[in-house]
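# Structural features, examined
The lines below spell out each chain.
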Amino acid sequence: MSVYVCGITPYDSAHVGHAFLYAQFDVLVRYLRRRGIHVDHVQNVTDVDDDILRTAKERGVDYLDLANREVESFEREMAAIGIERPNHVPRATEFVPDIAEEVKLLYGSGCAYERDGTVYFRVSSDPRYGRLSRLSREEMLVLAAERGGFPDDPNKDDPLDFVLWQRSKPGEPSWPSPWGDGRPGWHIECSTMARRLVGAPVDIHGGGPDLIYPHHESELAQAECAHPGEPFVRHWMHSGEVRMDGAKMSKSLGNLAFVGDLLARHRPEAIRRLLLSHHYREDWEFFEADLSRAPATGPDPATVPGGPSDFGSFLEALAEDLNTPLALTILDHAEVSGADWSAEGRGILGLDRGAQET
């Protein structure tokens, strides 16, 4: 089974929203493997992108040096809260020739067009565009403007058309292509890496809620237009939104709780337990005070409600749309009861090893 999760753009530190997403997928992979399923787990790194290039320029550093530092920090912090490293952690810069080949397929089939060295996907070539997000055209235009889709670009035939390959600005990295030296667009990076590493259809493709549109919607359209008759993804899986101070965590609002800062003040297991106490599709508000109330090394018997404590119920909870809050409650009850399977349950929820370290 293939599981592809959209990874970070490494230009800033990991926050609780990142940790929530990757902890949930970590449990999914652990659970599937416990059921005897071979899982090929991929989590990419978007190491060439408008955000990372802008940040590197502001800081006066090479964009790849910035990426390397942030990836190292991210992997260290994720390991501290018990998240296992995926089988593959591809970087977009490693797949640029493959990406250019995908763009050629779309261009050659009439699904893309070129303007002044930039190649755009023609949204009208996919009459089902919007089927994933289920948004109206007006809603998509608003989100495209908010999330780097540049609907006002005068070179576009349609404001919703999106970049597959872009002409590099002076000082930006570039690679050769039939349309001149340039660099990939964002969406084509992930669909190409997924196809090259695990093939199509991808069994489970996931990410945060803000990736549904435009990123995953556009991935789906370009992948199936480049390879007609071949489904790109069997199941899409998106996490809920983590808020702080009443709004979605974002750098622009400054309402971010960084994982590194939390690890300096709290036990790793308390952080992981808080993340898993929320269902992966749940929108929730982060309060750091909740970490002080989360058990660090197992529950207080007085705080655990009665209920099932058998391993079958634990596995059934995870089988029902990855219900980690229920599975965690069952595990807590089992530990209080002294059940012999509790160590295995802790392993599936990732409460062993890294999440117990100080």
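In case you missed it, the structure is sitting above this.
In what follows, the accompanying structure is described. Sequence order sets the numbering: in each chain, residues are counted from 1 along the sequence as written. Reporting of local features is limited, given that this is a predicted model, to residues whose pLDDT is at least 70; pairs of side-chain atoms are given and counted only at 80 or more, and all residues count toward the totals for whole chains, interfaces and linings. The basis for the side-chain values is all heavy atoms of the structure; hydrogens and waters are excluded.

### Section: the sheet that holds strand S3 (residues 112-115)
- Two strands make a pair as long as DSSP finds a minimum of two bridges between them. Helix and strand definitions follow DSSP, with helices as H or I runs of at least four residues and strands as E runs of at least two, each counted in order from the N terminus. The antiparallel open sheet is built from four strands, whose spatial order is S3-S4-S5-S6. Taken across any chain shown, the strands that pair with only one partner, and hence form the sheet edges, are S3 and strand S6 (182-184). Here the strands of the sheet are splayed against their neighbours by 20° on average, with no regard to which way each runs.
- For S3 and strand S4 (residues 118-121), the ladder comprises four bridges, and the chain directions are antiparallel. Fitting a line to C-alpha atoms yields each axis, with helices limited to the stretch in contact; the angle taken between N-to-C directions then spans 0 to 180 degrees.

### A short note on helix H3 (residues 63-80)
- Expected span, for any helix, means 1.5 Å times one less than how many residues it has. An ideal rise of 1.5 Å per residue puts 26 Å on 18 residues; H3 measures up with 26 Å between its terminal C-alpha atoms.
- Type-normalised accessible area, obtained with a 1.4 Å probe on protein chains alone, sets the label of each residue: buried when under 20%, exposed when over 50%, and partly exposed for intermediate values. All of the buried residues in H3 are Tyr-63, Leu-66, Ala-67, Glu-70, Val-71, Ser-73, Phe-74, Glu-77 and Met-78.
- Residue contacts are defined here by distance: any two heavy atoms, one from each residue, within 4.5 Å place the two residues in contact. Against the buried residues of H3 lie helix H1 (16-34), strand S2 (40-43), helix H2 (50-59) and helix H8 (259-265).
- We define a polar contact as two N or O atoms separated by no more than 3.5 Å, with the added condition that, inside protein, one atom must be a possible hydrogen donor and the other a possible acceptor, whereas residues neighbouring each other in sequence contribute only through side-chain atom pairs. Measuring from the side-chain oxygen of the N-cap residue of H3 to the backbone nitrogen of Leu-64 gives 2.9 Å; that N-cap residue is Asp-62.

### Structural notes on the environment of Ala-19
- Residue position: Ala-19 is located in helix H1.
- For the pair Ala-19 and Leu-275, spaced 256 residues apart in the sequence, the C-alpha separation amounts to 7.6 Å.
- Residues within four places of Ala-19 in sequence aside, it is in contact with Met-78, Ile-81, Ile-83, Val-259 and Leu-275.

### Section: the nonpolar core
- Counting residues in hydrophobic clusters, the biggest one holds 54 residues, and the most contacted among them are Val-16, Met-78, Leu-275, Phe-286, Phe-314, Leu-318 and Leu-349.
- Elements that contribute at least two residues to this core include exactly strand S1 (2-5), H1, H3, strand S9 (242-244), H8, helix H9 (268-276), helix H11 (311-319) and helix H12 (324-337).
- Top contributing element to this core by residue count: H1, with 12 residues.
- Sequence-distant contacts of Val-16, that is, excluding residues within four places in its chain, are made with Val-242, Met-249, Ala-257, Val-259, Leu-262, Leu-275, Trp-284 and Phe-286.
- Judged by nonpolar contacts, the second largest core, of 48 residues, contains Ile-52, Leu-53, Leu-220 and Val-233. Buried residues of nine kinds, namely Ala, Val, Leu, Ile, Met, Phe, Trp, Tyr and Cys, make up a nonpolar core once their side-chain atoms join them within 4.5 Å.

### Concerning the packing of aromatic side chains
- Two rings belonging to Phe, Tyr or Trp (six-membered ring only in the last case) form a pair when the distance between their centres is within 6.5 Å. Interplanar angles under 30 degrees mark stacking, angles over 60 mark edge-to-face geometry, and anything in between is tilted. Evaluated as defined, the whole model comprises 12 aromatic pairs.
- Taking the centre distance of 4.9 Å and the plane angle of 20° together, the rings of Phe-121 and Phe-162 count as stacked. With Phe-121 in strand S4 and Phe-162 in strand S5 (residues 162-167), this residue pair connects regions lying 41 residues apart in the sequence.
- These aromatic residues form a ring-pair network of at least three members: Phe-121, Tyr-129, Phe-162 and Tyr-213.
- Look at NZ for Lys and CZ for Arg. If either is within 6 Å of the ring centre and within 35 degrees of the ring normal, a charge sits over the ring. When the ring centre of Tyr-280 is taken as reference, the NZ or CZ atom of Arg-281 above it lies at 5.7 Å.

### Quick notes on H11
- Every buried residue of H11 is listed here: Phe-311, Ser-313, Phe-314, Leu-315, Ala-317 and Leu-318.
- Lining the buried residues of H11 we find H1, H12 and helix H13 (342-348).

### A look at the pattern of salt bridges
- Any carboxyl oxygen of Asp or Glu that lies within 4 Å of a side-chain nitrogen of Lys or Arg is treated as forming a salt bridge with it. Under the definition given, this model contains 31 salt bridges.
- The residue Glu-224 makes a salt bridge to Arg-131 at a minimum N-O spacing of 2.8 Å. With Glu-224 in helix H7 (residues 212-226) and Arg-131 in the loop between S4 and helix H5 (137-146), this pair connects stretches of sequence that are 93 residues apart.

### What about the side chain of His-278?
- If you trace the backbone, His-278 turns up in the loop between H9 and strand S11 (284-285).
- Judged by its relative accessible area of 13%, His-278 falls in the buried class.
- When neighbours within four sequence positions are excluded, His-278 is seen to be in contact with Phe-20, Gln-24, Trp-284, Thr-324 and Pro-325.

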